[in-house]
Each structure stands twice: as structure tokens, then as C-alpha cells.
Amino acid sequence: MGEQGEMLQKLKRAMLAMGDEWLLIEEIDLEQDTFEVLHNSLDAFGIIVPETGSYSSQNRQVEQYVAIEYQSCRTEFCSLEGLRSRLESTDHAECEYMVDGNKMWRRDKFRVIEWRDGAPVKVIWLHENINETKEYEWEQQQAVNQSYSQSKQAYQFKNMYLKRIGQEIQDPINVIVGNAVLAKTFSSKPEQVMENVGNILDSAKAAYRMVKQLEIMDGIQEGSIQMDSKAFSIWQLIRNTKDMVQASLHVRHQSLRIDAAQLYHEYVLGDAQKLQQILLNLLKNGCSYTQYLGEIYFGVREIPDDDEYGIYEFYVQDNGVGMSSRFQKIMFEPFAREYSDRIENTEGAGLGLVIVQNLVHMMGGEIRVETTYTKGTKISIQLRLRYGEAPAAVIGEDEVLDWTGWAQSPWQDVHFQSEHVLLVEENDKVASAGKELFSQGGLVVDRALNGEDAIQIFQRSPENYYRLILIDMNLPYISGYETIMGIRHLRRRDAAGVPVITITSNLMASEIAENPYGIKAQFIKPVSVCDLMEAVQKNI
């Protein structure tokens with residue numbers, strides 16, 4: 001008896017040590033419907049449990065402590081009938097539920113300790129506190145859900161960007177292919193070839209920059225972008241960035257004024273490539289959202305900080321369309337773009353300001369936007385940069401793409417007799433390449449900037465003046481289809497029958513089958529120049 005008593009005391013101490021987890025342990029007689037308490041820690045929660053009694057009565061009393069959504073399920077599971085049926089084929093059963101009031105989690109475990117004729121007779125009931133386990137599981141599930149949500153958002157973001165870039169990149173591809181054909185066709189005219197090559201390079205670089213934007217956004221989302229710290233010349237960086245937008249400025253007849261009068265320390269330490277990306281995005285936005293003949297100011301101002309560092313404020317200011325109050329709320333969101341009837345074309349996928357904001361913050365800087373709708377915008381960034389002693393070359397413009405397999409001359413002994421064509425295209429370079437291509441075949445090309453412009457030009461022209469309309473269907477404000485219907489409904493005899501050829505980036509099969517607009521031919525970008533010219537010859 002002494003050894004057995006000592007053993008029982010050790011067992012009791014062990015159970016007390018587990019009191020935080022095992023709140024109640026009972027032996028239950030399923031035949032007699034009785035229970036006997038072996039260990040009890042529920043008194044710490046103000047719950048009185050008798051040493052012995054009716055198990056069925058106790059089970060009904062326990063129900064009042066169980067959260068209402070678990071009551072019926074727990075009561076049925078732990079009833080005599082429920083335990084007998086569940087324990088006939090196994091020696092254990094368990095259920096989990098929440099207790100009411102403090103919403104703590106509990107687990108009831110039942111283990112058979114005595115059988116008679118293949119049926120359970122006596123079981124041990126272990127009433128366990130599993131709140132910490134459930135909290136951990138909940139935290140883990142939340143982490144999984146958050147990770148899934150972030151992955152899903154990243155996937156949706158990537159899909160949206162790929163869809164947008166797929167549409168945007170078709171314009172530079174068309175310019176490249178069109179100018180390549182022209183360069184080969186008129187190879188005996190060096191000036192013409194050089195102009196075509198220049199357009200090809202500009203468009204190839206534009207396409208390449210779109211791909212680089214995607215890489216930068218991937219790096220931002222993944223947190224994998226690393227900041228460099230090398231000496232470079234701010235003045236050289238400004239000049240190189242200006243050169244990158246020179247073609248866009250020329251096409252739009254915009255003036256760019258450089259202000260570096262308050263630049264005292266030209267050489268600094270930092271990431272020249274990331275800073276150039278920031279300034280290039282701001283300048284491209286300034287060009288895109290400023291009307292023809294507009295003015296853009298690009299400058300830097302140094303505010304001395306101490307002997308080793310300076311505060312550099314870079315800014316781009318324009319007298320363009322400004323930002324509406326609606327756009328100001330979403331300007332730093334992916335794919336956000338401002339629309340205005342004062343501008344005809346905006347390039348890019350709507351990620352410029354998102355990238356600028358993220359890179360500026362990663363460089364420890366600040367960004368400030370001042371804008372007045374219809375008056376213009378000024379975007380400034382402030383960076384604290386360490387002074388450098390030696391100059392370093394700023395990374396120049398990207399060397400990109402080598403196109404091969406030029407198309408053959410599209411005209412091949414075909415020459416028109418100055419028939420008039422109306423070209424409806426918002427992109428300046430695409431329109432320029434198209435006008436040059438058609439003009440070399442003997443056509444006279446007039447350009448409309450958008451759908452409304454096309455309707456007005458056609459309405460003002462003499463009857464039967466235009467023998468063909470070539471229209472890009474991806475137009476702002478008034479779609480290509482609305483433009484065609486607007487021309488068809490004009491009260492003049494040639495409006496209903498003038499041939500129309502369309503070019504689009506997302507033509508659906510159903511649109512080809514239905515075609516209620518009298519369209520003679522439809523092309524998807526990038527367009528085969530020879531196929532396009534064949535359609536022109538057929539319909540003029």
C-alpha cells in the first residue's frame with residue numbers, strides 16, 4: 001500500500017502540473033450512467049464539479065457553458081448513445097468546440113479502458129484546454145490566407161499588366177515594321193532611310209522600356225530591388241534623360257527648359273540608374289499630358305545639408321492638362337491614367353507614378369505633387385545624397401532589339417493617281433509611317449487625330465473626296481465603331497458606301513462574323529504591310 005500510495009501521489013502531482021491543459025479527467029461507466037472525478041482544475045474558472053454523479057445529467061449541465069453554435073453537436077456527441085456508437089469500432093473519440101462567454105477552445109477526448117462482450121463499458125474523459133493550439137492554428141491559417149491573397153493579387157496584377165502592355169506595345173511594333181519596309185523600299189534615298197532607322201530605334205526603345213517597367217514592378221512587389229551607391233554626375237544624368245524624350249518633344253512641338261542654376265555639387269553617390277528611371281517617368285508623363293506647343297520645365301535645386309550631404313530637389317513642371325480631383329485620389333495606383341479632351345494620345349501602361357513613388361521611398365526620399373486641372377502639374381522629389389568626388393558615366397539609353405526578315409516592297413509596280421485616303425490614328429509615329437507609306441504609292445493621305453475629328457473632316461470634304469478610310473479602332477473617347485457609324489449616318493450620298501479598313505489590337509471572332517458597319521477588311525496588330533496594301537488596292 002505504501003508504494004501504491006506513493007505512486008498515486010506522483011500521478012496526482014503530474015496531473016496538477018498539467019492543470020493548464022487538462023482541466024478535468026473523469027472515469028465514466030456507460031452501463032451505470034455514472035462518473036467519478038479523477039482530476040479537476042475547473043474550480044479556477046468558478047465551475048463546481050461534484051466528485052460523482054449521473055453522467056447524463058452532467059452532460060446536459062455542461063451544455064450551458066458551450067457556445068450556442070456548438071451546443072447541439074457537442075451534447076449529441078458526448079451522450080451515452082453517441083459514445084457507445086462511436087466507441088464500438090475504436091477505442092477513442094474526440095470533439096472540439098468553443099465555450100461561451102470568453103470564447104475559449106476546448107477538446108473532449110474519450111478513451112475506452114474496459115470492454116465487455118465487445119462493447120465499451122468504462123471510458124476516461126479528458127477535458128482539454130486547446131486555446132493556445134487553436135490560436136496558433138488560426139495565426140498560421142491567417143498567414144496562409146494572406147500569402148494566398150498576396151499571390152492572387154500579384155497574379156491578377158501581372159495579368160492586367162501583360163494585357164495592357166500587349167495592347168500598348170503593338171503601336172511601336174507597327175512603327176518598327178512600317179519604317180523597316182520603307183527603309184528597304186527606298187534604300188536609294190539615304191535621308192529617308194536615316195529617318196526610318198531613327199523611328200525604328202525610338203520605337204524599339206519605347207517597347208523595351210515597357211518591358212523594363214514590368215521588371216521593376218516585379219522587383220518592387222518581391223522586395224528584390226537593390227540600391228547601388230556609386231559616384232555619378234547629376235548634370236550628365238539630366239542631359240541623358242532629356243535626350244531620351246527628345247523625339248517625343250519634337251513630334252509634339254513642345255519646348256523643354258532645363259534649370260540647374262542651383263546645382264552646386266554636381267557629383268554625388270547613389271543609384272544613377274534608379275534615379276534616371278524616376279526622372280524619365282516624370283518627363284514622359286509631362287510630355288504625354290501636355291498639349292502640342294506646350295512647355296515643360298525640368299530642373300534640380302540643391303539645398304545644402306552639411307559638409308557631406310545635400311538635399312537635392314528634382315522637379316518636372318508642365319502647363320498641360322493637370323489632374324482632375326478624381327485622378328488625384330488614384331494617381332499612385334497601378335494602371336491609373338488621366339484622360340482629357342485636350343490631349344490626343346497618352347503612351348504607357350499607367351505604372352509610371354507607381355514606380356516613381358516606390359523608388360523614391362526606397363531611396364529614402366519624398367515626393368510632392370502640385371496640380372491644377374487644365375493648368376498644369378509640378379511633381380517634385382527630394383533625395384538626401386552624399387557628395388562624391390569622382391565622376392562616373394551614367395548608364396545611357398538602352399541598346400535594344402535586332403529586327404530581321406524585312407518585308408518586300410508593298411507596292412511592286414502599283415501606283416495610284418492621287419486618290420484621297422482618310423487615316424484615323426491617334427499615335428503620331430504610327431500616323432507618320434502610314435502617311436509616308438501611302439504617299440510613296442501615289443495616295444494623298446489626310447490624318448484625323450480621333451473619332452470626332454474624323455467625322456468632322458469627312459463632313460467638311462467634297463462628296464466622293466475620300467476613296468478609303470483607314471481607322472485604328474482603339475481610339476480614345478469615341479471608339480472606332482462609333483466613328484464609323486457617325487460617318488455612315490451623315491446626310492450625304494458617299495457616307496454609306498465609302499470603303500473602311502480597320503486595324504485593332506483585340507479583334508474578336510464574333511466581330512468579324514457580324515460586321516454591321518460595312519467594313520471591307522479588318523486587321524489585327526501587328527499588321528502585315530503587304531496584306532494591308534493588297535486590301536487598299538482592292539478597295540480603292
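In what follows, the structure referred to is the one given above.
Model, not experiment: these values are computed from the prediction. (Residues numbered from 1 in each chain as written. Predicted model: local features only at pLDDT ≥ 70, side-chain atom pairs only at ≥ 80, totals over all residues. Heavy atoms only, no water.)

(A) Looking closely at helix α6 (residues 170-185). Here α6 spans 22 Å end to end across 16 residues, near enough to the 22 Å set by a 1.5 Å rise per residue. By the criterion of burial, α6 is predominantly enclosed, with 13 of the 16 residues buried. (Helix = DSSP H or I, 4+ residues; strand = E, 2+ residues; numbered from the N terminus. Expected span 1.5 Å × (residues − 1). Buried < 20%, exposed > 50% of the residue type's maximum accessible area, 1.4 Å probe, protein only.)

(B) Geometry of the sheet that holds strand β3 (residues 52-54). Read from one edge of the open sheet, six strands run β3-β2-β1-β6-β5-β4, paired in antiparallel fashion. On the outer flanks of this sheet lie β3 and β4 (92-99), each paired with one strand and no other. Pairwise comparison of adjacent strand axes, ignoring direction, gives a mean angle of 25 degrees for this sheet. In this sheet, strand β5 (residues 104-116) lies alongside β4 in antiparallel orientation, the contact comprising eight bridges. (Pairing = 2+ DSSP bridges. Axes fitted to C-alpha atoms, helices over the stretch in contact; angles between N-to-C directions.)

(C) The arrangement of the environment of E51 in detail. By the element assignment, E51 lies in the loop between β2 (34-40) and β3. For E51 and E36, which are 15 residues apart along the polypeptide, the C-alpha to C-alpha distance reads 5.8 Å. Look past the residues within four positions of E51 in its chain and what remains in contact with it is F35, E36 and V37. (Contact = heavy atoms within 4.5 Å.)

(D) Representation of helix α3 (residues 68-78) within the structure. Listing the buried residues of α3 in full gives R74, T75, F77 and C78. Buried positions in α3, seen along its axis, are confined to an arc of 160 degrees and lie on one side of it. Of the exposed residues in α3, the ones pointing more than 90 degrees away from its buried face are S72 and C73. Looking at the buried positions of α3, the neighbouring elements they touch are α2 (55-62), α4 (80-87), β4, β5 and β6 (119-129). (Arc of directions from axis to C-beta.)

(E) Highlighting the side chain of E302. Summarising the element assignment, E302 is placed in strand β10 (residues 295-304). Although E302 lies buried, it forms no salt bridge, and the closest oppositely charged side chain, R301, sits 11 Å away as judged by the N-O distance. A polar side-chain atom of E302 sits 2.8 Å from the main-chain amide nitrogen of Y264. Within the local environment of E302, its side chain forms a polar contact with the side chain of H265, the two groups lying 2.6 Å apart. Contacts of E302, omitting those with residues within four sequence positions, involve Q262, L263, Y264, H265, I311, Y312 and Y387. (Lys, Arg positive; Asp, Glu negative; His and termini not counted. Salt bridge = Lys/Arg side-chain N within 4 Å of Asp/Glu carboxyl O. Polar contact = N/O pair within 3.5 Å; in protein donor to acceptor, adjacent residues only side chain to side chain.)

(F) Quick peek at the nonpolar core. I234, L275, Y312, F314 and I381 are the most contacted members of the largest nonpolar core, which has 43 residues in total. For this core, the secondary structure elements donating two or more residues are α7 (190-222), α8 (234-244), α10 (272-288), β10, β11 (309-318), α12 (352-362) and β13 (376-387). Element by element, the count of residues in this core is highest for α10, at eight residues. Residues within four places of I381 in sequence aside, it is in contact with L275, I278, L279, L282, Y312, E313, F314, V360, E366 and I367. Of all hydrophobic cores here, the second largest spans 25 residues; its members include L42, L80, L83 and V112. (Core = buried A, V, L, I, M, F, W, Y, C linked by side-chain atoms within 4.5 Å.)

(G) Spotlight on the pattern of salt bridges. Tallied over the entire structure, the rule returns 24 salt bridges. The partner of R368 in a salt bridge is E313, and the shortest N-O contact between them spans 3.2 Å. Remark: E313 occurs in strand β11 and R368 occurs in strand β12 (residues 366-372); sequence separation between them is 55 residues. Given a relative accessible area of 5%, E313 falls into the buried group. Two residues, R493 and E463, come together in a salt bridge whose shortest N-O distance is 3.0 Å. Of this pair, R493 sits in the loop between α15 (480-488) and β17 (500-504) while E463 is found in the loop between α14 (451-460) and β16 (466-472), placing the two residues 30 residues apart along the sequence.

(H) Main features of the sheet that holds β16. Across the sheet, which stays open at both edges, the five strands sit in the order β15-β14-β16-β17-β18 with parallel pairing between neighbours. Because the sheet does not close on itself, it has two edges, and the strands there are β15 (444-448) and β18 (519-524). Averaged over neighbouring strand pairs, the angle between their axes works out to 20 degrees when direction is ignored. In this sheet, β15 lies alongside strand β14 (residues 420-424) in parallel orientation, the contact comprising five bridges. Among the inter-strand pairings, L422 is bridged to a residue of β15, identified as D446. Contacts from α14 reach β14, β15 and β16, with the element oriented near 135 degrees to β15. Relative to the sheet, α15 contacts β16, β17 and β18, its axis offset from that of β16 by approximately 160 degrees.

(I) Up close: a negative patch on the surface. On the surface, a cluster of negative charge is made up of E21, E132, E135 and E139. Topologically, E21 is positioned in the loop between α1 (2-17) and β1 (22-29). (Patch = residues over 30% accessible without salt bridge, like charges linked within 9 Å, V, L, I, M, F, W, Y side chains within 5 Å. Areas by Shrake-Rupley, 256 points an atom, 1.4 Å probe, with all protein chains shown as cover. Charge placed at Lys NZ, Arg CZ, Asp CG, Glu CD.)

(J) View of the packing of aromatic side chains. Under the defined criterion, the tally for this structure stands at five aromatic pairs. Between Y55 and W125, the ring centres sit 6.4 Å apart and the planes meet at 85 degrees, which makes this aromatic pair edge-to-face. You can see Y55 sitting in helix α2 and its partner W125 sitting in strand β6, a full 70 residues away along the chain. Taking relative accessible area as the criterion, W125 reaches 3% and is therefore assigned buried. Note on Y465 and Y466: the rings are 4.8 Å apart at their centroids and 90 degrees apart in plane angle, and the pair reads as edge-to-face. (Phe/Tyr/Trp six-rings, centres within 6.5 Å; stacked < 30°, edge-to-face > 60°.)

(K) Structural detail: the pairing of β10. Strand direction decides the pairing type here: strand β8 (residues 255-262) and β10, joined by six bridges, are parallel. When the bridges of β10 are listed, Q262 appears paired with R301. In this structure, the hairpin formed by β10 and β11 is closed by a connection of four residues.

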